[in-house]
Amino acid sequence: MVSTWLRSGFLDHGALSPTTAGVPQGGIISPVVSNLVLDGLAAVVPGSAWHRRSHHINDLRWADEFIVTANTRQVLEETILPRINAFLAERGVRLSTEKTVMTPITDGLDFLGQTLRKHARRKGKPAKLQITPSKGSFQSIKTKVKALCQQAIGATPARLIESLNPVLRGWANYHRHVICTETFATLDSFVWRRL
């Protein structure tokens, strides 16, 4: 049904135009279609409850982005990845080879603008998961601040601050629930110097 709907076309000033290129990246319908296509993935990926527990399989999904973790790379390559590929093939989609990465969590991975990394601890204590704003997200906010400062050349400081506040507040609110003190301090210093 979704496939038929996606190929139904659209009307523009009374003229019917075909839709053959799929869902536009960043379009408002993209998350809805992604969720429709990926619904059921969480039930397929881990297999049985025993398999999930014995291999520490966990999955997390947001729209068309997802993470699957397991205790060994072998389980991911030989069991989980074929299940994901079969699930997606039934729906006429496939994993992006550029975006699909298998990495140890100790090296860290970026997901939705945040870096997830498990740090080893001393004396045999279990590793601790730490989530911080990603470097890419930090660079993105710095670029936005620079652009807003460039656009505001000749404006009053109050007007510049008025344009920066919503951008900085939104970014800070998004990252406030993770380990962000150092990143916020660095960003604060950067904004102060730009002003």
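Residues numbered from 1 in each chain as written. Predicted model: local features only at pLDDT ≥ 70, side-chain atom pairs only at ≥ 80, totals over all residues. Heavy atoms only, no water.

1. Details of the pairing of strand E4 (residues 65-69)
On a regular strand, one side chain projects to one face of the sheet and the next to the other, so that they alternate.
Okay, step 1: Relative to E4, strand E3 (residues 58-62) runs antiparallel, the two sharing five bridges. When the bridges of E4 are listed, Asp-59 appears paired with Val-68.
Okay, step 2: Hairpin connection between E3 and E4: a loop of two residues separates the two successive antiparallel strands, and Ala-63 in this loop has a positive phi of roughly 55°. (Pairing = 2+ DSSP bridges. Helix = DSSP H or I, 4+ residues; strand = E, 2+ residues; numbered from the N terminus.)

2. Description of a positive patch on the surface
Okay, step 1: Where like charges cluster on the molecular surface, the positive patch consists of Arg-121, Arg-122, Lys-123, Lys-125 and Lys-128.
Okay, step 2: As for its placement among the helices and strands, Lys-128 is situated in strand E7 (residues 128-133). (Patch = residues over 30% accessible without salt bridge, like charges linked within 9 Å, V, L, I, M, F, W, Y side chains within 5 Å. Areas by Shrake-Rupley, 256 points an atom, 1.4 Å probe, with all protein chains shown as cover. Salt bridge = Lys/Arg side-chain N within 4 Å of Asp/Glu carboxyl O. Lys, Arg positive; Asp, Glu negative; His and termini not counted. Charge placed at Lys NZ, Arg CZ, Asp CG, Glu CD.)

3. Observations regarding helix H8 (residues 181-194)
Okay, step 1: For H8, which comprises 14 residues, the first-to-last C-alpha distance of 20 Å matches the rise-based estimate of 20 Å (1.5 Å per residue) to within 8%.
Okay, step 2: All buried positions along H8 are accounted for by Thr-183, Leu-187, Phe-190 and Val-191. When H8 is viewed along its axis, its buried side chains cluster within an angular range of 95° and face the same direction. Opposite the packed face of H8, turned more than 90 degrees from it, sit the exposed residues Thr-181, Glu-182, Asp-188, Trp-192 and Arg-193.
Okay, step 3: The elements touched by buried residues of H8 are E7, helix H6 (135-151) and helix H7 (157-175). (Expected span 1.5 Å × (residues − 1). Buried < 20%, exposed > 50% of the residue type's maximum accessible area, 1.4 Å probe, protein only. Arc of directions from axis to C-beta. Contact = heavy atoms within 4.5 Å.)

4. Looking at the side chain of Ser-137
Okay, step 1: Looking at the element boundaries, Ser-137 is found in helix H6.
Okay, step 2: Accessibility expressed as a relative area gives 12% for Ser-137, which makes it buried.
Okay, step 3: Setting aside residues no more than four positions away along its own chain, Ser-137 makes contact with Gly-113, Trp-171 and His-175.

5. Brief notes about the sheet that holds strand E6 (residues 114-119)
By way of backbone hydrogen bonds, the strands of a sheet pair with one another, either parallel or antiparallel.
Okay, step 1: Read from one edge of the open sheet, three strands run E5-E6-E7, paired in antiparallel fashion. Of all strands in the sheet, those bounded by a partner on one side alone are strand E5 (109-111) and E7. Sheet twist, expressed as the mean angle between neighbouring strand axes with direction ignored, is 30°. (Axes fitted to C-alpha atoms, helices over the stretch in contact; angles between N-to-C directions.)

6. A word on the environment of Arg-61
Okay, step 1: You can see Arg-61 is positioned in strand E3.
Okay, step 2: Of the residues examined, Arg-61 reaches a relative accessible area of 29% and is grouped as partly exposed.
Okay, step 3: With 19 residues separating them along the chain, Arg-61 and Ala-42 place their C-alpha atoms 8.5 Å apart.
Okay, step 4: Within polar-contact distance, the side chain of Arg-61 engages the side chain of Asp-39 at 3.0 Å. (Polar contact = N/O pair within 3.5 Å; in protein donor to acceptor, adjacent residues only side chain to side chain.)

7. Looking at the packing of aromatic side chains
Okay, step 1: With the rule as written, the count across this model stands at two aromatic pairs.
Okay, step 2: Each ring, one from Trp-171 and one from Phe-184, has its centre 5.9 Å from the other, and the planes form 55°; the classification is tilted. Taken together, the positions of Trp-171 in helix H7 and Phe-184 in helix H8 put the pair 13 residues apart, joining distant regions of the chain.
Okay, step 3: Take Trp-171: its relative accessible area is 10%, and that puts it in the buried class.
Okay, step 4: Taken together through their ring pairs, the aromatic side chains of Phe-138, Trp-171 and Phe-184 make up a single cluster.
Okay, step 5: Over the aromatic face of Phe-87 sits the side chain of Arg-91, whose NZ or CZ is 3.6 Å from the ring centroid.
Okay, step 6: Sitting over the face of the ring of Phe-190, Lys-142 holds its NZ or CZ atom 5.2 Å from the ring centroid. (Phe/Tyr/Trp six-rings, centres within 6.5 Å; stacked < 30°, edge-to-face > 60°. Lys NZ or Arg CZ within 6 Å of the ring centre and 35° of its normal.)

Shape descriptors only; they carry no functional weight alone.
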